[in-house]
Amino acid sequence: MKPARFDYAAPGSLAEAVTLLAQSGEDEAKILAGGQSLMPLLNMRLARPQLLVDVSGLAELDYIREQGAGLAIGAMTTKRALEQSELVKRRQPLLHAATVLIGHPQIRNRGTIGGSMAQADPAAEYPAVALAMDAELVVQGPDGERCIKAEDFFVTYLTTALEPAEILSEVRVPELPAGTGWSFREVARRHGDFAVAGAAVTLRLEAGRCADTRIVVFGVGDRALRVDEAEQLVDGEAPTSGLFERAGTKLSEVIEEPLSDLHASADYRRDLARVLTQRGLAEAASRAS
Amino acid sequence: MAVEIPTELEDLPTSKPHWIGREVKRVEDPSLVTGRTEFIDDVVLPRMLHCAILRSPFAHARISKIDTREAEALPGVLAVVTGEDALRWSYPAVTAPEGWGTHCIATDKARYVGEPVAAVAATSRYVAEDAIELITVDYEPLQAVADPFEAMKEGSPLVIEEKGSNVMLQRTFTWGDVDEAFAAADHVFSEKFRWNRVGANPTETFGAICEWDPMDLNLTVRGSIQSASNFGLGRVATFGLPSNRVNIISYAHGGSFGGKGGTRGTDVACLLSRKAGGRPVKWIEDRMEYLTAGGSQAWDRHYEASIAVRADGVVTGLRVKLVNDIGATGEGFGAINTAKPLAAFTGPYTIAVAQYDLTLTASNKLPESPCRGMGPPPHFFVLEQMMDIAARALDVDPAEFRRRNFIRADQFPYTIPSGNEYDSGSYEEVLDKALELAGYAELRRQQAEALEQGRLLGIGVASAIEPGVFDLNVYSVVGMQGTGVPEGATVSIDILGMVTVRVGFTLEGQGQYTLVSQIIADYFGVEMDSVRIAPLDTRSAPPSFGPGGSRLGVAITGAVLGACERIREKMAIVTAGLMQTEPANIELMDGRFRVKGVPGAEMTVAEVAGTMLARSDLLPPGIDPRPEATHVWTAPGRAPVDEEGRTKSYLTAAQAVHVVLVEIDRETGQVEILKYCLCDDCGTRLNPATVEGQTDGSVVQGIGAALLEEYAYDDEAQPLSTTFMEYLLPTINDVPLIEKVAVVTPSPFAPLGAKGCGEGAMHTTPAAVMCAVNDALAQLGTRATEVPAAPHRVWKLIREANEKPQGA
Amino acid sequence: MTMARQVRMTVNGAACEGLAEPRTTLADFLRGELELTGTHVGCEHGVCGVCTVLLDGRAIRSCLMLAVQADGADVTTVEGLAEPDGKLHPIQEAFVEEHGLQCGYCTPGFLMAICELLESNPSPSDEEIKDVLGGQICRCTGYQSILRSVHSAAAKLGGGRSATGA
């Protein structure tokens with residue numbers, strides 16, 4: 001398990017990194033962020049870039065800033081930094097809750113938020129957070145900067161809207177409106193493993209009824225999925241266990257056939273999505289005001 | 001000169017043991033915690049090359065052509081070998097059952113995913129891996145067989161054509177009038193079970209450095225080798241070398257649990273070394289190689305079991321039918337795993353008659369290997385579920401049901417129907433202590449209370465036997481021959497009274513160097529620090545098997561004590577000469593040779609040793625002047641099996657009762673262990689801390705087997721558990737606090753009364769956890785019969801139970 | 001450039017340099033080029049934690065990082081824990097006393113992970129310890145004695161001594 005030969009560059013700036021990527025042919029270069037997903041693939045020779053562009057050391061991409069009511073997070077901010085950030089704990093409890101479910105501290109010490117988003121693993125936590133929080137992903141390319149909404153960023157299994165010469169530079173996470181309740185739950189075979197299935201939920205209560213409900217499930221499709229049909233069923237209704245049960249059932253009926261593997265059959269994943277949605281709604285409602 | 005090995009602590013020449021039985025610090029540890037202990041991958045030899053192996057991506061495929069030219073031309077590549085070299089320079093592997101071996105590199109076809117097809121020796125592992133990618137192989141894929149029942153059908157693809165069948169062995173063992181017992185029974189219960197492949201997975205994979213000396217025709221293999229002498233014999237057979245031309249140097253290894261295997265890769269590296277003109281070739285198995293093609297997999301089993309039960313809850317008969325998919329060949333000796341249950345077939349119970357219908361089949365999966373417990377753990381999983389099925393049907397508490405069937409303390413030594421003899425035990429006392437520790441009645445109350453709240457709790461009470469100190473004799477039923485397993489030690493006292501013990505095994509984790517030091521220190525009245533252990537290669541060491549079969553702690557105790565006794569006798573003669581008395585008047589006590597009844601007339605062990613080595617003028621004529629002796633211990637009273645496979649095989653029988661509380665999430669099928677309590681009895685505990693460590697570790701391996709670990713294959717025999725993302729080892733988050741108490745019933749037969757305890761709780765834990773799972777599921781009217789009880793399986797059972805009409 | 005290049009780093013307080021191809025992992029560089037074989041390799045895909053070292057004070061998988069990425073970094077390995085005269089680091093002492101190891105192959109990785117833990121959290125709870133050690137696999141001990149070892153080490157370090165010895 002030793003990587004195939006590749007060239008390595010550690011550009012001194014984001015601009016330089018974009019230029020390097022632009023100069024490389026398609027599929028020749030790969031961006032190395034924290035490496036916690038890419039390095040195993042390199043060691044197994046499943047990823048075989050000719051050039052690795054290492055952006056993990058770019059200080060200009062390592063920050064957690066308040067931006068308006070939300071947070072702007074540099075793509076090379078480690079999960080560990082997010083986990084330990086008081087700002088994140090206070091302002092983005094859902095993001096914090098998701099972070100501590102990712103791997104272990106030894107992985108989070110290297111793994112970055114940008115790396116996770118760009119890897120777009122359908123069972124990963126961060127894409128689900130991005131969808132649930134309505135995050136925006138800022139990317140830098142040869143033609144400058146563009147901002148992609150989370151719902152447009154994640155395309156399918158391990159595929160994002162990033163163009164070959166583009167680099168994800170920042171994740172903007174808006175603040176949850178006051179009184180919003182949230183939940184982030186997953187079922188994994190062991191703590192720290194990729195989720196078999198998971199659900200991120202946010203909702204508010206307006207005059208005793210659910211509002212602005214967002215339900216995102218992950219691990220069950222080719223990417224994290226926001227499920228409108230279930231959300232619509234909840235909005236405008238009183239938060240009862242019966243309602244949440246119906247919403248979970250609805251969700252499990254409308255999602256496409258999930259993946260089946262040795263850890264879980266498709267039917268099991270579908271049912272987990274139901275259960276986690278139901279439990280997530282109840283938890284979010286209990287935190288909402 | 002016959003020596004008698006003390007079977008009781010009181011027999012030692014010490015007024016009170018200072019070291020044995022105490023929780024001493026391990027002598028192995030300072031070097032290990034500082035990273036100084038040398039493991040095989042730390043070894044660098046001059047001119048050493050590195051091996052990478054090209055492996056078949058197909059489970060079954062004919063190899064029509066291999067082109068290695070590009071690989072050979074890559075700078076840094078010194079040798080490339082293929083099946084042709086294996087045919088030219090080696091023989092098919094020795095196997096059990098016999099005759100199911102192939103060459104170390106596929107010669108005509110590949111029989112499992114991961115089978116070596118070619119290999120490269122290069123200046124670095126990186127370059128070697130580059131080179132194997134340049135080898136082109138033309139495969140003609142063949143239909144693969146991944147299921148033993150398919151494999152047995154007429155017309156199934158044959159894994160080894162020359163055998164004409166995929167059935168490696170079919171045999172029924174009948175012990176007593178089983179038909180009569182079942183006909184007379186008030187109740188008969190039957191169930192089918194599936195135990196999926198699991199395996200050892202030590203944190204260090206296997207590794208070896210192979211050096212073929214083309215001038216002297218010597219083969220030297222350094223490696224992380226569990227049983228060096230056996231490993232050496234394997235290479236002797238593979239390469240057709242005289243046995244004194246193969247030398248095995250075993251290094252400290254990062255665990256084994258029976259799963260070091262590695263013979264194929266070793267043989268491949270040997271071929272490469274020969275082709276590279278004798279340069280040493282290092283092969284370090286990487287984790288993916290280990291998981292897909294190493295000594296990693298065991299116990300791929302399909303069971304049907306029945307028990308005959310009397311109305312009063314006494315079990316009168318047991319039938320077990322086992323179909324075990326051994327994999328592509330018999331080279332891993334996985335078949336032995338199916339023979340060991342004979343050593344404890346009826347568990348801790350007085351079941352009078354039994355039958356074992358055993359079928360071993362070949363498939364296009366990885367050949368099976370040994371694994372901690374060596375086969376009984378799945379057997380006890382089955383037996384204990386059957387006990388619970390019966391108890392539940394008869395409405396008897398599972399603890400009480402076991403009590404009714406236990407072998408009583410006054411019945412030992414006790415011969416079980418399958419022929420083995422249990423040395424001693426106090427099973428009821430062990431049960432009582434385990435139940436008390438767990439607060440069993442309170443747990444049952446909690447369970448009832450939880451049920452009212454809609455929560456699903458289950459309590460497992462399981463008991464199993466750990467056969468200790470294996471003998472080869474019972475393995476003859478699957479084709480391994482021999483009676484007796486020697487373990488030797490040479491104890492030498494130097495001119496200044498320091499002691500060196502030469503042994504034939506190396507560090508593996510169980511703390512045997514510490515144990516040897518404890519014994520020597522108490523025997524000769526020296527500090528543990530005055531003892532040094534020297535592991536020797538197979539050419540220099542006394543006969544040795546090494547660790548395995550819960551044996552080495554007992555065996556090396558016997559060997560060391562035997563050598564000590566021999567030295568004592570010699571020293572008594574020398575002392576008697578100096579004291580001008582008869583040797584019979586000399587006794588050793590607390591490190592001094594003294595004249596009985598003459599206070600002050602004594603010499604220290606060091607003084608006697610110094611005299612022997614430096615004052616020949618004072619020695620009785622004709623005496624061997626070395627304060628040194630070798631003793632080779634093997635279990636007494638062993639004999640070959642009879643026509644039904646019966647024999648005294650394992651010398652000791654440890655026993656345990658585990659009590660487990662689990663909660664099952666009704667919706668997700670997740671199983672959480674809330675409480676884990678056990679009581680075990682493995683006789684005298686020579687180093688209690690080490691025993692506890694073995695227990696803790698084996699409980700956790702057992703939890704892994706019950707809930708997490710599984711080598712899955714698809715229908716085409718493609719392995720699905722190829723990384724640690726799929727093969728799930730328990731982490732600290734998956735294990736509960738393990739609460740333990742002990743009962744000590746010394747073995748009357750084993751040195752110092754100690755029983756084998758290395759495989760430990762692996763025998764009981766999977767059964768206990770599954771009993772708990774099934775105790776919970778019984779409340780829904782269903783039962784888990786497949787291991788591991790992964791969430792998706794439990795979820796499916798619950799869903800099916802919920803869909804069943806009420807009262808059905 | 002796929003060719004080997006000079007890589008410099010501080011390892012266990014000493015300036016070190018060696019040659020590394022871009023593809024050389026930090027684990028292989030430490031073990032092969034710097035001959036620091038106390039860091040072991042267990043899975044090479046980041047799951048087992050056997051190869052854990054400290055990089056600028058943080059516990060990381062040395063199999064999931066390239067040596068060239070560690071150019072200029074401060075690395076601590078198990079060889080950096082005990083005193084040169086052989087006096088064990090308190091965490092090592094605790095492991096010996098509490099039987100926190102059996103085969104010892106995973107131990108260096110555990111020690112390094114625990115170093116970071118105790119540096120930031122001098123008296124961790126069971127849950128806090130498990131959160132960190134969940135990323136380290138031991139196949140021998142069943143973790144019971146390791147948990148005890150961490151508590152014992154925390155008590156030994158209670159005098160305010162830095163876990164990394166810095």
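In short, a report on the structure. (Residues numbered from 1 in each chain as written. Chains lettered and ligands numbered in written order. Predicted model: local features only at pLDDT ≥ 70, side-chain atom pairs only at ≥ 80, totals over all residues. Heavy atoms only, no water.)

## So, empty space enclosed by the protein
Residue and element names in this part refer to chain B. Short version of the rule: The rule is simple: put a 1 Å grid over the protein atoms alone, call a set of points where a 1.4 Å probe fits but cannot get out a cavity, call an open set with protein on both sides within 12 Å along at least five of seven lines a pocket, and count a residue as lining if it has an atom within 4 Å of a point. Grid points are joined across faces, edges and corners, and a volume is the space filled by probe spheres set on the points. Secondary structure elements follow DSSP: runs of H or I no shorter than four residues count as helices, runs of E no shorter than two count as strands, and numbering proceeds from the N terminus. Ten residue types, Ala, Val, Leu, Ile, Met, Phe, Trp, Tyr, Cys and Pro, are classed as nonpolar, four, Asp, Glu, Lys and Arg, as charged, and the remainder, Gly among them, as polar.
Here the structure, examined in full by the defined rule, presents seven cavities of 30 Å³ or more. Considering only enclosed or pocket space, the largest cavity measures out at about 110 Å³ in volume. Residue lining of the largest cavity: 16 residues in total, with E466, A656, D680, G760 and A761 positioned closest to the centre. For the lining of the largest cavity, the secondary-structure elements that each account for two or more residues are strand 18 (456-468), strand 26 (652-664), strand 27 (671-681) and helix 18 (688-708). Its residues placed into classes, the lining of the largest cavity shows seven nonpolar, six polar and three charged.

## Details of the sheet that holds strand 5 (residues 74-76) of chain C
All names here are of chain C. Quick note on the threshold: DSSP calls a pair of strands paired once it identifies at least 2 bridges connecting them. Angles run from 0 to 180 degrees between N-to-C directions of axes, and those axes are lines fitted to C-alpha atoms, restricted for helices to the stretch in contact. Contacts are residue-level and defined by heavy atoms, with any inter-residue pair within 4.5 Å sufficient.
Ordered in space as 2-1-5-3-4, the five strands form an open sheet in which the pairing is mixed. What marks the edges here is a single partner per strand, and that holds for strand 2 (14-20) and strand 4 (58-61). Within the sheet, the average angular offset between the axes of one strand and its neighbour, ignoring direction, is 40°. Judged from the seven bridges that link them, strand 1 (residues 5-11) and strand 2 form a sheet pairing that is antiparallel. Bridge assignment links R8 to a residue of strand 2, and that residue is E17. Along the sheet face, helix 3 (residues 107-120) touches strand 3 (52-55), strand 4 and strand 5 and points at about 35° away from the line of strand 3.

## A closer look at unusual backbone geometry
Apart from glycine, the bulk of residues carry a negative phi angle, and the bulk of peptide bonds sit in the trans form. All names here are of chain B. Put simply, the rule reads: Residue exposure (1.4 Å probe, protein chains only): buried if accessible area is under 20% of the type maximum, exposed if over 50%, otherwise partly exposed.
Residue P413 follows F412 across a cis peptide bond; omega there is -5°. Mapped onto the fold, P413 is located in the loop between helix 12 (398-405) and strand 16 (414-415). In this chain, V787 is followed by P788 through a cis amide linkage whose omega measures 0°. Considering the arrangement of structural elements, one finds P788 in the loop between strand 29 (786-787) and helix 20 (791-803). A positive phi angle, close to 55°, is found at M374, a residue other than glycine. Taking the relative accessible area as the measure of exposure, M374 reaches 12% and is therefore buried. In this model, A717 sits at a positive phi of 65°, which is unusual for a non-glycine residue.

## Observations concerning the sheet that holds strand 13 (residues 301-309) of chain B
Residues and elements named next belong to chain B. Reading across from one edge, 7-15-14-13-8-29 is the order of the six strands in this open sheet, with mixed pairing throughout. Both edges of this open sheet fall to strand 7 (167-175) and strand 29, since each of them pairs with a single strand only. Direction of pairing for strand 8 (residues 187-195) relative to strand 29: parallel, over a ladder of two bridges. Residue pairing for strand 29: R194 is matched across the bridge by E786. The strands touched by helix 11 (residues 376-393) within the sheet are strand 8, strand 13, strand 14 (315-327) and strand 29, with strand 8 carrying the most contacts at an inclination of about 145°.

## Examining the interface of chain C and chain B
Applicable threshold: Once two parts are joined, some of their accessible surface, as seen by a 1.4 Å probe, is lost; buried area is that loss totalled over both. Any carboxyl oxygen of Asp or Glu within 4 Å of a side-chain nitrogen of Lys or Arg constitutes a salt bridge here. A 3.5 Å cut-off defines polar contacts: any pair of N or O atoms within that distance qualifies, except that in protein one atom must be a possible hydrogen donor and the other a possible acceptor, and neighbouring residues in sequence count only when both atoms are side-chain atoms.
Taken together, the contact between chain C and chain B spans 45 residues of the former and 50 residues of the latter. Approximately 3,900 Å² of surface area, both sides summed, lies buried where chain C meets chain B, with 59% of it carried by carbon and sulfur atoms. The interface formed by chain C and chain B includes four salt bridges. Taking the shortest distance from any N to any O, the salt bridge between E709(B) and R139(C) comes out at 2.7 Å. Inspection of the chain C/chain B interface yields 18 residue pairs in polar contact (both at pLDDT 80 or more). Broken down by secondary-structure element, the contributors of at least two residues to the side of chain C that touches chain B are helix 1 (26-33), helix 2 (90-97), helix 3, helix 4 (126-133) and helix 5 (144-156) of chain C. Top contributing element to the side of chain C that touches chain B by residue count: helix 2 of chain C, with four residues.

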